[in-house]
Amino acid sequence: MLKVLAALIPGIAVYVWFFGAAILVQIALASAAALAGEAAMLKLRGKPVALFLSDGSALVTAWLIALTFPPIAPWWLTVTATLFAIVVAKHLYGGLGQNPFNPAMVAFAVSIVAFPALMSQWPAVGFTDFTAQMAVVFKSQSAQDAVTMATPLDALRTSLHVPEARATVAGVLGSHATFGNIGGKGWEWIALAYLAGGLWLLQQRIITWHVPVAFLAVLALIAGGFSLANPERYAGPVFHVVTGGAMLGAFFIATDPVSGATTPRGKLIFAAGAALLTWIIRSFGAYPDGMAFAVLLMNLCVPLIDMGTQPPVFGHKGGMKGGGRQ
Amino acid sequence: MLATLFKFEGGVKPDSHKDESSQAPIAAAPVPARLVVPLRQSAGNAPLPLVQPGQKVLKGEPIGAADGSFSAAVHAPTSGTVLALEPRTLPHPSGLSAACVVIAPDGEERWIERAPLDWRSASPEALRDRLRDMGIVGLGGATFPSHIKLKPGAAGRIETLVINGAECEPWITCDDRLMRERAEGIVRGIDILRHIVSAGRVLVGVEDNKPQAVAALRAAIAQSHGIEVVPVPTRYPAGGEKQLIRVLTGIEIPYGRFGSEYGVQCFNVGTAYSVHRAIEIGEPLVSRIVTVSGNVARPGNFETLIGTPIDALLALVAPKADTDRYIMGGPMMGFTLARTDLPVTKAANCILAASPALFPRPGTEMPCIRCGACTRACPAELQPHELYWFARSKNFGKAQEYHIFDCIECGCCAYVCPSNIRLVDYYRFAKTSMRALEREKAAADAARQRFEFRNLRSEREAKEKAERLAAKTAAARQAIAGGEKPAAAAMPAAPEQAQALPQLDEAKKALIAAAITRAQAQKEGVQPKNIDNLAPEKQAEIREIEARRAQVRELAKTPPEEPV
């Protein structure tokens, strides 16, 4: 788990570079809430607190929450969401190893349903003034339009969903300087940093290639196919892969072993399904980014996927020389 | 290199720790003051004891005869006097005890007459019987009787013989030393094994961390054709029988099947060597090479008489002060010995002295996070984390569905588990629980059959008794009613008493015959079906009881009648 945290550091560094130090405050808030919630639950459940706290799993949940939430979300939202993830999504299901749903994604889904406005309040690139950011986070000062902006995904959704606007992908993305040409200025670089961290996790054998490769490939393929057919309505594959939570999700969220599939084929199906759902929600859904819902929906399917994808056992492979079926 | 190597999935690469014990030549462990030789030292039936306390035995004299074909004989490891034939604790994880022959050596090491066998002209059957009577069993640790593995299987012929010199467990070097020092004997044993099964090719698999062993074997096979020494990649458990067969031939043998069914069979190098001793010299298996290593001052390999107390071996290597326990077998598959006064058996390839520094106890067991490290390490390609959940929740049906019995208990999963879960212990628990449940079910079935049989019997007896009583009453009534014809049936004609005797006899015989047929008909009528499936000896017992019962009934029927 500590290696997972280490792998997130490049992404966080780039995040700070583009969007200021607020994200560090969010990470600290979420970490403190996660550790406090985890300790309290462990104590209530009569488990050795220090031993379980040291596994780092609560911190991973906390960091993922901080990184998927807007960095200028009010402090109480981050804290409440983290406590919800740890207490309800994790410990009420039996704690480490027992939760059927990814706790960080449960927190995200609950928050975006309960506080859609706050969850859509993203800082504009260049808004790195720490004092101003803290004012938004702690004093609930309403964020000015000057400091917030819609993410490219959000802008695309709101514009393209209104037929009368006759908006096109190129038009929407070109309408705002900060959207840049690829996936939102700054965000592409953060995504690339996540990719670097994810590749390091692969190299360290913390995760296997199945989930990230299947997720990114399927997302790119679907997005590519639709954008070829109708480039005005559907954004291209590169945009989908580097924007929103795709890269973070591919390497850090969908790879959660506890709530994900475990067989090699199961991982491919799980990730492909998550990618498909992400694209569908992004393109047709009511929420700008579908990563959280896609992962939660696929979490639901995990027992079925695992059951249906049991690999053959040594000596029981049908066509193999010598390996007889029973 | 002719052979193309295949690959088995999973596996781990623990520190090998071979150098500690592989440097010194094999030394002979001295004959101890007492030898405790367990009768049952192989898979299958326990041999039948052939000796009695007080009896003198010679070295190599059989003390236990193979009981049936799935068994192997046991021999006196040295000459001396049998002190006792009694249950003693065995070096086994269960800590159970079983019949052992205790021998006080006389120190003279007098052999029985050793008769070599000209194997080239002997039939495979004769050679297999000889191996059984020489107590040859697999020395890799499983102690499966070798003669059974040499029977041709469903595939007809064993085309490929795989000889296992991989020795993949860390610390253990007994096969390594054997290959380096006695390669010629191993090759001669291989020739005999090959002759028995008329195998076309022989592949000797040796992990590539034992170059001296490979060189020695290659030098020894210079004259033999069709034997190939193949260095295999060092990766635990490459020396697992199924894994080595897979690596060398590409054939996968599922659980519960013999290699011979797939035209391949595997023997350990130590077994091959003991085959050579048994056939060409006439020496039964009375000793084996044991690696004694770990936290000791003078690790090494010792040619040890079967039955030597482990204590005596440990005295040779001087365990260090911080030794906290002893392990029989390697660190991956071995088990902690509860005591060290237990005997060395044919299965004992290694004794390790463990210290907290050398063999740290695994950390606290944490929850499984389904990370899949175990799945990637499993050479049987199982889903260990799923099996763990099923075993933990005692969902044995599901565990079986996920092939828990295919688990070879190699320990790779537990070795890589980041949550320190002792996975193999859970599988062993599940397997033994399932076997116990099956035994219980069989016992319950037998009890139910006995109960039903008893009910039927008592019903039948009550019925018969009632019939007899009714018949008696009827006879009495008849006698009272027809006073002028007393005992009409028994004494037909009073005036002709002189000739009556033979007639009476005839009448009696007819009556008895009628009674017997009646009884038989009755018996057949109510014969319960559940005794049909019993073992022959049980059925014989039942027949005996029935015969006695019939006799009693006849006695009861023939006059003079006793009051019932």
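About the thresholds
- Residues numbered from 1 in each chain as written.
- Chains lettered and ligands numbered in written order.
- Predicted model: local features only at pLDDT ≥ 70, side-chain atom pairs only at ≥ 80, totals over all residues.
- Helix = DSSP H or I, 4+ residues; strand = E, 2+ residues; numbered from the N terminus.
- Rg over C-alpha atoms; globule rule 2.2 N^0.38 Å.
- Buried ≥ 20, exposed ≤ 12 C-beta atoms within 10 Å, placed from the backbone.
- Contact = placed C-beta atoms within 7 Å.
- Pairing = 2+ DSSP bridges.
- Expected span 1.5 Å × (residues − 1).
- Domains from an automatic or database assignment.
- Axes fitted to C-alpha atoms, helices over the stretch in contact; angles between N-to-C directions.
- Parallel < 35°, antiparallel > 145°, perpendicular 65-115°, else oblique.
- Left-handed = near helix turned anticlockwise from the far one by under 90°.
- Nonpolar A, V, L, I, M, F, W, Y, C, P; charged D, E, K, R; others polar.
- pLDDT = per-residue confidence, 0-100.
- Core = buried A, V, L, I, M, F, W, Y, C linked by C-beta atoms within 7 Å.

Could you give me a rundown of the overall build of chain B, with the residues and numbers involved?
Tallying secondary structure elements over chain B gives 16 helices and 17 strands in all. For chain B, the C-alpha radius of gyration of 33 Å lies well beyond 24 Å, the compact-globule estimate for 564 residues. By residue count, 44% of the 564 residues in chain B fall in the buried class. Partitioning the intrachain contacts of chain B with sequence separation of at least 6 by distance along the chain shows that 73% fall at a separation of at least 24.

Kindly report on the overall build of chain A, identifying the contributing residues and their values.
Assigned secondary structure in chain A consists of 16 helices and 2 strands. The buried share of chain A, taken over its 326 residues, is 52%. Taking the intrachain contacts of chain A between residues at least 6 apart in sequence as the baseline, contacts between residues at least 24 apart amount to 72%.

Just give me the short version of the pairing of strand β5 (residues 62–65) of chain B, but keep the residues and values in it.
Remember that side chains alternate between the two faces of the sheet whenever the strand is regular. Residue and element names in this part refer to chain B. Pairing between strand β3 (residues 48–49) and β5: 2 bridges, direction antiparallel. If you follow Pro49 over to β5, its bridge partner there is Gly64. As defined by bridge partners, β5 adjoins strand β6 (residues 74–75) across 2 bridges and the pair is classed as antiparallel. Counted as the bridge partner of Gly64 is Val74 from β6.

Describe unusual backbone geometry, with residues and values.
A cis amide bond links Tyr236(B) to the next residue, Pro237(B), at an omega of -5°. Within the secondary structure, Pro237(B) is located in the loop between β11 (227–232) and α7 (241–249). Positive phi outside glycine occurs at Arg205(A), with the angle close to 60°. Relative to the elements of secondary structure, Arg205(A) occurs in the loop between α11 (187–203) and α12 (210–229). In this model, Glu409(B) sits at a positive phi of 55°, which is unusual for a non-glycine residue.

Please give an account of helix α4 (residues 57–68) of chain A that cites residues and values.
All names here are of chain A. Helix length check: α4, at 12 residues, gives a terminal C-alpha distance of 17 Å against a target of 16 Å (1.5 Å per residue), a fit within 8%. Most of α4 sits out of view: 12 of its 12 residues are buried. Every buried residue of α4 is accounted for by Ser57, Ala58, Leu59, Val60, Thr61, Ala62, Trp63, Leu64, Ile65, Ala66, Leu67 and Thr68. Of the surrounding secondary structure, the elements contacted by the buried residues of α4 are α1 (2–19), α2 (22–44), α3 (49–53), α5 (75–90), α6 (103–114) and α14 (246–253).

Give a detailed account of the domain arrangement of chain B, specifying residues and quantitative values.
Residues and elements named next belong to chain B. Along its sequence, chain B is organised into domain 1 (115–282) and domain 2 (362–478). A C-alpha centroid distance of 35 Å is found between domain 1 and domain 2. Listed per partner, the contact involves 7 residues of domain 1 and 6 residues of domain 2.

An account of the domain arrangement of chain A is needed here, citing residue identities and associated values.
All names here are of chain A. By domain assignment, chain A separates into domain 1 (1–142) and domain 2 (187–309). Taking the mean C-alpha position of each, domain 1 and domain 2 sit 21 Å from one another. On the domain 2 side, the residues contacting the 24 residues of domain 1 number 24 residues. If one sorts the elements of the side of domain 1 that touches domain 2 by residue count, α1 sits on top with 10 residues.

How would you sum up the packing of α12(A) against α14(A)? Please name residues and give values.
Two measures define how a pair of helices packs: the angle their axes make with one another and the distance between the axes. Residues and elements named next belong to chain A. In contact at an axis separation of 8 Å, α12 and α14 are set at 155° when each is read in the N-to-C sense. Classified by the angle their axes make, α12 and α14 are roughly antiparallel. Crossing of α12 over α14 shows right-handed handedness. Listed contacts from α14 to Val211, Pro212, Phe215, Leu216 and Leu219 of α12 are Ala246, Gly249, Ala250 and Phe251. Tallied by class, the residues present in the contact of α12 with α14 amount to 8 nonpolar, 1 polar and no charged.

Go over the interface of chain A and chain B, please, and point to the residues and values.
On the chain B side, the residues contacting the 22 residues of chain A number 26 residues. Here the side of chain A that touches chain B is composed, by residue class, of 8 nonpolar, 11 polar and 3 charged.

Any chance you could break down the confidence of the model for chain B for me, citing the residues and the numbers?
Residue and element names in this part refer to chain B. Averaged over all residues, the pLDDT of chain B is 89; the fraction at 70 or higher stands at 91%. The element-level mean pLDDT for chain B is lowest in helix α15 (residues 497–526), coming to 70, with strand β14 (residues 300–305) highest at 97. Low confidence marks residues 486–494, where pLDDT is under 50. Its contacts with residues over four positions away, or in another chain, come to 7 contacts. Predicted confidence is poor over residues 560–564, with pLDDT under 50, and the contacts of this stretch with residues over four places away or in other chains come to 2 contacts.

I'd like a rundown of the packing of α4(A) against α6(A), residues and numbers included.
Residue and element names in this part refer to chain A. Orientation of α4 relative to α6, taken along the N-to-C sense of each, is 35°, at an axis distance of 8 Å. Classified by chirality, the crossing of α6 by α4 is right-handed. Contacts between α4 and α6 pair Thr61, Leu64, Ile65 and Thr68 from the former with Pro103, Ala104, Ala107 and Phe108 from the latter. Along the lines of polarity and charge, the residues of the contact of α4 with α6 split into 6 nonpolar, 2 polar and no charged.

Account for the environment of Ile269(A), naming residues and giving values.
All names here are of chain A. Checked against the element boundaries, Ile269 lands in helix α15 (residues 264–284). Along the primary structure Ile269 and Ala254 are separated by 15 residues, whereas in three dimensions their C-alpha atoms are 11 Å apart. Setting aside chain neighbours within four positions, we find Ile269 in contact with Ala261, Ile305 and Thr309.

Give me the sheet that holds strand β2 (residues 35–38) of chain B: which residues, what numbers.
All names here are of chain B. Strand order in the open sheet formed by 4 strands is β2-β8-β7-β4, with antiparallel pairing between adjacent strands. Both edges of this open sheet fall to β2 and β4 (56–57), since each of them pairs with a single strand only. Direction of pairing for strand β7 (residues 80–89) relative to strand β8 (residues 97–105): antiparallel, over a ladder of 9 bridges. Within the sheet, the bridge partner assigned to Thr89 lies in β8 and is Ser97.

I'd like to hear about the environment of Ala126(B), residue by residue, with values.
Checked against the element boundaries, Ala126(B) lands in helix α2 (residues 124–133). As for Ala126(B) and Ile196(B), which are separated by 70 residues in sequence, their C-alpha atoms are 9.5 Å apart.

Lay out the nonpolar core in plain terms, naming residues and giving numbers.
The biggest cluster of nonpolar side chains holds 239 residues, and the ones touching the most others in it are Ile65(A) and Leu217(B). Top contributing element to this core by residue count: α2(A), with 10 residues. Beyond its immediate sequence surroundings of up to four residues, Leu217(B) is in contact with Met179(B), Ala183(B), Ile186(B), Val204(B), Val206(B) and Val229(B).

Tell me what's going on with helix α14 (residues 423–481) of chain B, and back it up with residues and numbers.
Residue and element names in this part refer to chain B. Relative to the 87 Å expected for 59 residues at 1.5 Å per residue, α14 spans 86 Å between its end C-alpha atoms, a close match to the ideal helical length. Taking burial as the measure, the 59 residues of α14 include 5 buried ones, a minor fraction of the element. Taken together, the buried positions of α14 are occupied by Leu423, Val424, Tyr426, Tyr427 and Ala430. Summarising the contacts, the buried residues of α14 are in contact with α10 (373–377), α11 (384–392), α12 (396–401) and α13 (412–416).

Any details on the sheet that holds β3(B)? Residues and values, ideally.
Judged by pairing direction, the sheet is antiparallel, and its 3 strands sit side by side in the order β3-β5-β6 (chain B) without closing on themselves. Each edge of the sheet is formed by a strand with only one pairing partner; in this case those strands are β3 and β6 of chain B.

Explain the confidence of the model for chain A residue by residue, including any values.
Atomic detail in the predicted coordinates should be set aside for any region of low pLDDT. Of the residues in chain A, 88% reach a pLDDT of 70 or more, and the chain-wide mean stands at 88. Counting contacts from residues 319–326 of chain A, a segment whose pLDDT is below 50, to residues more than four positions away or on other chains yields 18 contacts.

For the pairing of β14(B), give the residues involved together with the corresponding values.
All names here are of chain B. The buried fraction of β14 is high, at 5 of 6 residues. Examined bridge by bridge, strand β1 (residues 27–28) and β14 share 2 bridges and lie parallel to one another. Across the sheet, residue Ala28 finds its bridge partner in β14, namely Glu303. With 6 bridges connecting them, strand β13 (residues 287–294) and β14 associate as antiparallel partners.

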